[in-house]
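The residues making up each chain are set out below.
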Amino acid sequence: MSRRKIALIGGGQIGGILALIATQKELGDVVILDIPDFENPVKGKALDIMELRPHDGYDVNITGTSNYEDIAGADVIVITAGVPRKPGMSRDDLLDINLKIIKNVAENVKKYAPDAFVIVVSNPLDAIVYAFYKASGFPKNRIVGMAGALDSGRFRAFLAMETGYSVQDVQCLVLGGHGDEMVPLTRLATIGGVPATELVSPERLAEIEKRTRMAGGEIVKLLGNGSAFFSPAQSAMEMVESFLNDKKRIIPSAALCEGEYGINGLFIGVPTVIGAGGIEKILEVKLNDAEIAALKVTVEHVSAVVAETGL
Ligand code: APR
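This part takes up the domain arrangement of the chain. Along its sequence, the chain is carved into domain 1 (5-145) and domain 2 (148-309). Placing a centre on the C-alpha atoms of domain 1 and another on those of domain 2 gives a separation of 22 Å. The interface is formed by 36 residues belonging to domain 1 together with 46 residues belonging to domain 2. In this assembly, domain 1 packs against domain 2 so that about 3600 Å² is buried in total across both faces, 70% of it on carbon and sulfur atoms.

Let us now look at unusual backbone geometry. For the bond running from Asn123 to Pro124, omega is -5°, close enough to zero to count as cis. Checked against the element boundaries, Pro124 lands in the loop between β5 (117-120) and α4 (125-136). The backbone of Asp246 shows a phi angle near 50°, a positive value even though the residue is not glycine. Here Asp246 shows up in the loop between α9 (230-244) and β12 (249-258). If you check the backbone angles, Tyr261 has positive phi at about 55° while not being a glycine. Residue placement: Tyr261 occurs in the loop between β12 and β13 (264-275).

Using the criterion set out here, one finds five aromatic pairs in the structure. The interplanar angle of 20° and the centroid separation of 6.4 Å between the aromatic rings of Tyr68 and Tyr112 together place this pair among those described as stacked. Here Tyr112 lies in helix α3 (residues 95-112) and Tyr68 lies in the loop between β3 (62-65) and β4 (76-79), a separation of 44 residues in the sequence. The class of Tyr68 is buried, set by a relative accessible area of 12%. Measuring from ring centre to ring centre gives 4.6 Å for Phe229 and Phe230, while their planes differ by 35°; the resulting arrangement is tilted. On the accessibility criterion, Phe229 (16% relative accessible area) is buried. Phe230 gets classed as exposed once you look at its relative accessible area, which sits at 56%. A cation over a ring is seen here: Arg142 above Phe138, with NZ or CZ 5.0 Å from the ring centre.

This brings us to the environment of Ala81. For Ala81, the position within the fold is in the loop between β4 and α3. Residue classification places Ala81 among the buried positions, given a relative accessible area of 14%. Along the primary structure Ala81 and Ala294 are separated by 213 residues, whereas in three dimensions their C-alpha atoms are 31 Å apart. Beyond its immediate sequence surroundings of up to four residues, Ala81 is in contact with Ile9, Gly10, Ile101, Val105 and Ser122.

Take helix α2 (residues 39-56) next. For α2, built from 18 residues, the straight-helix expectation of 26 Å at 1.5 Å per residue is met to within 8% by its first-to-last C-alpha distance of 27 Å. For α2, the set of buried residues is Val42, Ala46, Ile49, Met50 and Arg53. Viewed end-on, α2 has its buried residues packed into an arc of 110°, placing them on one side of the element. Exposed side chains of α2 directed beyond 90 degrees from the buried face belong to Asn40, Asp48, Glu51, Pro54 and His55. Buried positions along α2 lie against α1 (13-24), β2 (29-33) and β3. Note on α2: the residue one or two positions beyond its end, Gly57, has a positive phi of about 75°.

Turning our eyes to something else, we now look at the sheet that holds strand β7 (residues 170-171). In any sheet, the strands associate via hydrogen bonds between backbone groups, in a parallel or an antiparallel arrangement. Judged by pairing direction, the sheet is antiparallel, and its three strands sit side by side in the order β7-β10-β11 without closing on themselves. The sheet is open, and its two edges are formed by β7 and β11 (194-195), each paired on a single side. Where β7 meets strand β10 (residues 190-191), two bridges bridge the pair, whose relative direction is antiparallel. Among the inter-strand pairings, Val170 is bridged to a residue of β10, identified as Ile191.

Enumeration according to the criterion identifies twelve salt bridges in this entry. Between Glu39 and Lys43 there is a salt bridge; the shortest N-O distance is 2.6 Å. Here the residue Glu39 and the residue Lys43 both occupy positions in helix α2, the gap between them amounting to four residues, near one helical turn. Shared partners join several salt bridges into a network, and the residues in it are Glu162, Arg204 and Glu207.

Here is what the cut-offs are and how they apply
- Residues numbered from 1 in each chain as written.
- Predicted model: local features only at pLDDT ≥ 70, side-chain atom pairs only at ≥ 80, totals over all residues.
- Heavy atoms only, no water.
- Domains from an automatic or database assignment.
- Contact = heavy atoms within 4.5 Å.
- Buried area = accessible area lost by both parts, 1.4 Å probe.
- Helix = DSSP H or I, 4+ residues; strand = E, 2+ residues; numbered from the N terminus.
- Phe/Tyr/Trp six-rings, centres within 6.5 Å; stacked < 30°, edge-to-face > 60°.
- Buried < 20%, exposed > 50% of the residue type's maximum accessible area, 1.4 Å probe, protein only.
- Lys NZ or Arg CZ within 6 Å of the ring centre and 35° of its normal.
- Expected span 1.5 Å × (residues − 1).
- Arc of directions from axis to C-beta.
- Pairing = 2+ DSSP bridges.
- Salt bridge = Lys/Arg side-chain N within 4 Å of Asp/Glu carboxyl O.

Printed below as a string of structure tokens:
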């Protein structure tokens, strides 16, 4: 059996870590593609990772390129092409520049890897994944945005930090757009199967919810020159792995809603089942009135940003 192929479009901060994690999980051969000006740096990253393999024995190949012909036959593609935000910027401020980039990427992916499962990471996530969908014509089960995995992961991390219990035993779900109006479903969070509401005070839960919504910005401020890259890469790789190994993990992702949660024609964070068929299903959870109202706010926000794409 030949090895699977993972193409990374954009080989910056997140792209480099994606390549490292894919290698360390031996998920398949990795191609890192960037613009011609960045061809040497991605070749350098690829070679650097090739040279770390002997220490723990990862038998996969990593290459860097700026030639789209090299992504042919990719099973899965993760797109981080674009610019990240700087302190003081919102994700929406990246729209103009990243929209141009994603249109170009979509045309090339459609031409060279039309059968791949595509995960978009570039921001503003919900609008950029929508733009890829429109520009590529990919079927909705093979195009998804990575955001909910990261947002839920942050929520999980904060709950584990709060309680001191294993992060492995914390489960929760964040719905909605990848912005400050996202909706952490605290009511459904569990720690070792026990509702988090029984283990953490309502005041602290409210603070953790708020920190989750603003977590991307917290890191942007600390880094000073860019946005988070380790946790976004790990989150996207979780999705890649579920697809390649047909794990059918339930991962909140920005999927095209066509009636689910009363949302029509938008990519927005909802619980999805990811397996060999890509986005195999969107799970519909019954929400209470407050959650429905909060979801409405984030949907309106995403809808406004998507309208700005003109697509
Ligand atoms: N095709 C391919 N790669 C591109 C293109 C393009 N048309 N345009 C830009 N790139 C590359 C850049 O050269 C750079 O190497 O995308 C890479 C982006 O890397 P970083 O600037 O390090 O950004 P990163 O932190 O990886 O974030 C990427 O993900 O989380 C989002 O908001 C974040 O939109 C940003 C994206």
